[in-house]
Amino acid sequence: MKKKLLSALLCGAMAASLFVGCGTSTATTDTSAEPAATEDTADDAADTSSAATGTKVGVAMPTKDLQRWNQDGANMQSELEAAGYEVDLQYASNDVQTQLSQVENMINSGCNVLVIAAIEASSLGEAMDMAAEAGIPVIAYDRLIMDSDAVSYYATFDNYKVGTVQGEYIEKTLDLANADKTFTMEITAGDPGDNNASFFYQGAIDVLQKYIDDGTIVVKSGQTDFADVATAAWATENAQSRMENILSSYYADGTNLDIALCSNDSTALGVENALAANYSGEYPIVTGQDCDIENVKNMIAGKQSMSIFKDTRTLASQVVKMVGQILSGSTVDVNDEETYDNGTGIIPSYLCDPVYADKDNYKELLIDSGYYTEDQLQ
Ligand code: BGC
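Each value, and the rule that gives it
- Residues numbered from 1 in each chain as written.
- Predicted model: local features only at pLDDT ≥ 70, side-chain atom pairs only at ≥ 80, totals over all residues.
- Heavy atoms only, no water.
- Pairing = 2+ DSSP bridges.
- Helix = DSSP H or I, 4+ residues; strand = E, 2+ residues; numbered from the N terminus.
- Contact = heavy atoms within 4.5 Å.
- Axes fitted to C-alpha atoms, helices over the stretch in contact; angles between N-to-C directions.
- 1 Å grid on protein atoms, 1.4 Å probe; cavity = no way out; pocket = protein on both sides within 12 Å on 5 of 7 lines; lining within 4 Å.
- Points joined across faces, edges and corners; volume = space filled by probe spheres on them.
- Nonpolar A, V, L, I, M, F, W, Y, C, P; charged D, E, K, R; others polar.
- Near = heavy atom within 4 Å.
- Polar contact = N/O pair within 3.5 Å; in protein donor to acceptor, adjacent residues only side chain to side chain.
- Areas by Shrake-Rupley, 256 points an atom, 1.4 Å probe, with all protein chains shown as cover.
- Sits in = over half its atoms within 2 Å of the grid points.
- Buried < 20%, exposed > 50% of the residue type's maximum accessible area, 1.4 Å probe, protein only.
- Core = buried A, V, L, I, M, F, W, Y, C linked by side-chain atoms within 4.5 Å.

Glancing now at the sheet that holds strand β7 (residues 217–218). Whenever strands of a sheet pair, they do so through backbone hydrogen bonds, lying parallel or antiparallel. Read from one edge of the open sheet, four strands run β7-β6-β8-β9, paired in parallel fashion. Because the sheet does not close on itself, it has two edges, and the strands there are β7 and β9 (285–286). Of the strands in this sheet, β8 (259–262) and β9 are in contact with helix α6 (residues 159–173), which crosses β8 at around 165°. The sheet contacts of helix α7 (residues 195–213) involve β6 (183–188), β7 and β8, and relative to β6 the element is tilted by about 160°.

Another point: the layout of surface pockets. For the largest pocket, the calculated volume is near 410 Å³. What lines the largest pocket is a set of 31 residues, among which Leu66, Trp69, Trp234, Asn264 and Ser266 lie closest to the centre. Only α3 (67–82), α7, α9 (236–250), α10 (265–278) and α11 (293–300) provide two or more residues apiece to the lining of the largest pocket. Residues that form the lining of the largest pocket fall into these classes: nine nonpolar, nine polar and 13 charged.

With that settled, the discussion passes to the site of the ligand. Close to the ligand lie 13 residues, the nearest being Arg68, Asp142, Arg143, Asp194 and Asp290. Between an oxygen atom of the ligand and a side-chain N or O atom of Trp69, the distance comes to 3.0 Å. Taken by itself the ligand offers 310 Å² of open surface, and the protein chains cover 99% of this. Taking a 2 Å distance to the grid points as the criterion, the majority of the atoms of the ligand fall inside the largest pocket. Secondary-structure elements contributing two or more residues to the shell around the ligand are α3 and α7. Partitioning the shell around the ligand into residue classes produces four nonpolar, three polar and six charged.

As a further point, take unusual backbone geometry. Phi at Ala233 is positive, roughly 60°, even though this residue is not glycine. By secondary structure assignment, the location of Ala233 is in the loop between α8 (226–229) and α9. Taking relative accessible area as the criterion, Ala233 reaches 39% and is therefore assigned partly exposed. Positive phi is not limited to glycine here, since Cys291 has a value of about 55°. Turning to its location among the elements, Cys291 is positioned in the loop between β9 and α11.

A separate point is the nonpolar core. For soluble globular proteins, nonpolar side chains are generally found buried alongside one another. Formed by 31 residues in total, the largest nonpolar core has its most connected members in Met76, Leu80, Val115, Tyr141, Val319 and Val323. Of all the secondary structure elements, the ones that give two or more residues to this core are β1 (56–61), α3, β2 (86–91), β3 (113–116), β4 (138–141), β5 (151–157), α12 (312–328) and β11 (349–352). With eight residues, the top contributor of residues to this core is α12. Residues contacting Leu80, with those up to four places away along its chain left out, are Val57, Val59, Tyr85, Val87, Val320 and Val323. In terms of nonpolar packing, the next biggest core, distinct from the first, is built from 30 residues, Val165, Leu176, Tyr211 and Leu261 among them.

Regular strands show a simple pattern: their side chains alternate between the two faces of the sheet. Burial of the side chains of β11 extends over both faces: Ser349 and Leu351 are buried on one face and Tyr350 and Cys352 on the other. Bridging between β5 and β11 involves four bridges; their strand directions are parallel. Bridge pairing in β11 places Ala155 opposite Tyr350.

So, to be careful, I would describe these as geometric facts and stop short of saying anything about function.
So, in structure tokens, the structure goes:
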């Protein structure tokens, strides 16, 4: 992995301010873990173990309602604990105020680093100000925290690529480039408060727009703008009721729906529920993301075509590595320093690679890799 000087300098400065912050907090920080001020070329394992002693990491996750965040939280906790950190893991039931106070509590109770998957990109301002004042580094986990210069690093999957892969899956499956017929499509995107949602949407639309423009794809509802297709809180019920309306308004005459472009699995589930109750035509291609168990079961049953597989183990490992690198003052691995501007400037990011799973490759990706057992998918 490429290590960048800028990150090294930034992180040296942050690590220094971190330990100033620790002195004034109630943390049981062991100052013997104080990092070297200059770039440390020791390997990552050594970085981590030397910095971990007496160090508390706050991990704020959005909700337990969605399977992936449970996995993310569990992976982060076990990896951080294995590396010797104390962990304060909190879930906020998708409630912005709850997450705000959880993060404030983490700061007040002496967390030395914060790892945050924000419920809403711009709603953590006060807590971010507190973190900045206390010199506590913040890693935005999966979702970028906007409009705050307290965000030190961002670790996620390549969100634009998630959408691209969904769009290309549709393009390839229907051989759109050589199509001599018209396909109908409806789009279901994510929560407008989540910075990722527009990346997913745009990645897919950038692949499919030319087919909409030349009439190969027809969106019967006419709803194509992000604002019209977004799903508040990524909620299955919201996606379901919108799709029920679309099906009864535009497809009740027997027109087939050929493509249901859904940004993730919770919205795909809503669309699948709506189809089950209100649709008798040929089953559409349905996309998704996360490989949630219910959706993989639907994939096996032919009710969902694909889901983006984001191996949360990879992201957790990367973030744990980042924590260690920040604390030890060594260079932080990033691989993108141009895509994610949170309104205060570019946030150095590490983007993991998303791939797709479908009925042909899910066994290899999900079972052989130990992500799920075969029993979980029965
Ligand atoms: C994540 C997705 C997830 C969605 C809903 C997004 O920020 O990147 O993996 O499906 O939130 O929780």
